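Architecture and fold: a report
The primary structure of each chain is shown beneath.
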Amino acid sequence: MKHLACLGPMVLMAATLLVFGGCGDDTVATAPRTEAFGVDTLLTGLEYPSGLWVRGDRVYFTETNGRNTSFGGAVRLSVYKVAADEESLLVDNPTCSDAVVVASDNKIYLASYVSSIPGESGRVSVVNPATLVETNVVNLEIATTDMFVETDDDIIVIGSSDLLTAKSLYQLPAANYAAPVVLKTGLGRTWAVTEQGSDTYYSDIGTIQKITGTVVSEWYTKNAMSLSASSKYLFYADYFAGEIGMINLTTKTDSVLVSGLNGPHAVRWVAATSRLYFTEVGTSAGQYKDGTLQVVKGIK
């Protein structure tokens, strides 16, 4: 079992229920295995990258080593410009850092749990893309873990709690992000959320759940720290197995795209370029200062 004091809170909250293996260990993993896909490493030396979002040719990501590990280090929001192959720091030590989405007006929204996770306190902030000033948007009654921005710029926020009455899933309407609407309660220790069409998918400890209308049903057995969807696949990052993979939405065939990774934490699909971006948090041996941003190409 891994050294729990060196792992982030998302891993710690699952430690009593899951056996660790294959990622974020004291040794560096072997070279990733691919199955007929190209994988490029875009950035190295990242410090426990957590949040990930892509808009246009810009990949936004957060690093949370100083917040989510015992080693200390960077807490920051950055952007990788794909065409220029260039990384830029946007905000050093943002108040929120665990999740990131970008709306159509290029405003950057960040979210974090407050104090502890699982729990009943989180917040969402916004970064002005011109001034790079972060301001608070809304405080939520859930330990926030992930967000998803819809095509109409409504934002879906999910969080983790052990309370049956917890306000687990929120919608922040684009008309007024400061007026959150509770969509679902009592979803438990959740990790990630995404949408495909009219369906919402979220992950908890060991399963992927599907929400269609008002009905919640177990969709697949998988430890998914992060989710992203295309019209054909549900992509996932399995931190514990050290794998990036995809599940066919129709047949539920599970295909591993990349394995042998050090704590894959986030995935984001970009339909326009048929690319899947993902991050690794790195290793405890490297004090989580050896994380990466990578991309899988050739998915059809």
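Figured I'd write up the structure that's included with this text. (Residues numbered from 1 in each chain as written. Predicted model: local features only at pLDDT ≥ 70, side-chain atom pairs only at ≥ 80, totals over all residues. Heavy atoms only, no water.)

1. As for the pairing of strand S20 (residues 233–238)
Counting buried residues along S20, six of its six residues qualify, which places the element largely inside the surrounding structure. The side-chain alternation of S20 yields two buried faces, one formed by Tyr233, Phe235 and Ala237 and the other by Leu234, Tyr236 and Asp238. As defined by bridge partners, strand S19 (residues 226–229) adjoins S20 across four bridges and the pair is classed as antiparallel. Within S20, the position partnered with Ala229 by the bridge is Leu234. Connecting S19 to the next strand, S20, in antiparallel fashion are three residues. Examined bridge by bridge, S20 and strand S21 (residues 243–248) share six bridges and lie antiparallel to one another. Residue pairing for S21: Ala237 is matched across the bridge by Ile244. Taking the residues that link successive antiparallel strands as the turn, the S20-S21 hairpin has four residues, and the phi of Gly242 there is positive, at about 70 degrees. (Buried < 20%, exposed > 50% of the residue type's maximum accessible area, 1.4 Å probe, protein only. Helix = DSSP H or I, 4+ residues; strand = E, 2+ residues; numbered from the N terminus. Pairing = 2+ DSSP bridges.)

2. Points about the sheet that holds strand S3 (residues 49–55)
Strands sit in the order S3-S4-S5-S6 across an open sheet of four strands; the sheet is antiparallel. Each of the sheet's edge strands pairs with one partner strand only, and the pair in question is S3 and strand S6 (86–92). The mean angle between the axes of side-by-side strands here comes to 20 degrees, regardless of whether they run parallel or antiparallel. Looking at chain direction, S3 and strand S4 (residues 58–64) are connected through five bridges and run antiparallel. Counterpart to Arg55 in the pairing with S4 is Arg58. (Axes fitted to C-alpha atoms, helices over the stretch in contact; angles between N-to-C directions.)

3. Remarks on the nonpolar core
In terms of nonpolar packing, the biggest core is built from 39 residues, with Ile108, Tyr109, Val124, Met147 and Ile155 touching the most fellow members. Residues contacting Val124, with those up to four places away along its chain left out, are Cys96, Tyr109, Leu110, Ala111, Asn136, Val137, Val138, Leu140, Met147, Val157 and Leu172. By size, the runner-up hydrophobic cluster in this structure holds 20 residues, among which are Ala192, Ala229, Tyr239 and Val256. (Core = buried A, V, L, I, M, F, W, Y, C linked by side-chain atoms within 4.5 Å. Contact = heavy atoms within 4.5 Å.)

Don't take any of this as a statement about function, it's just geometry.
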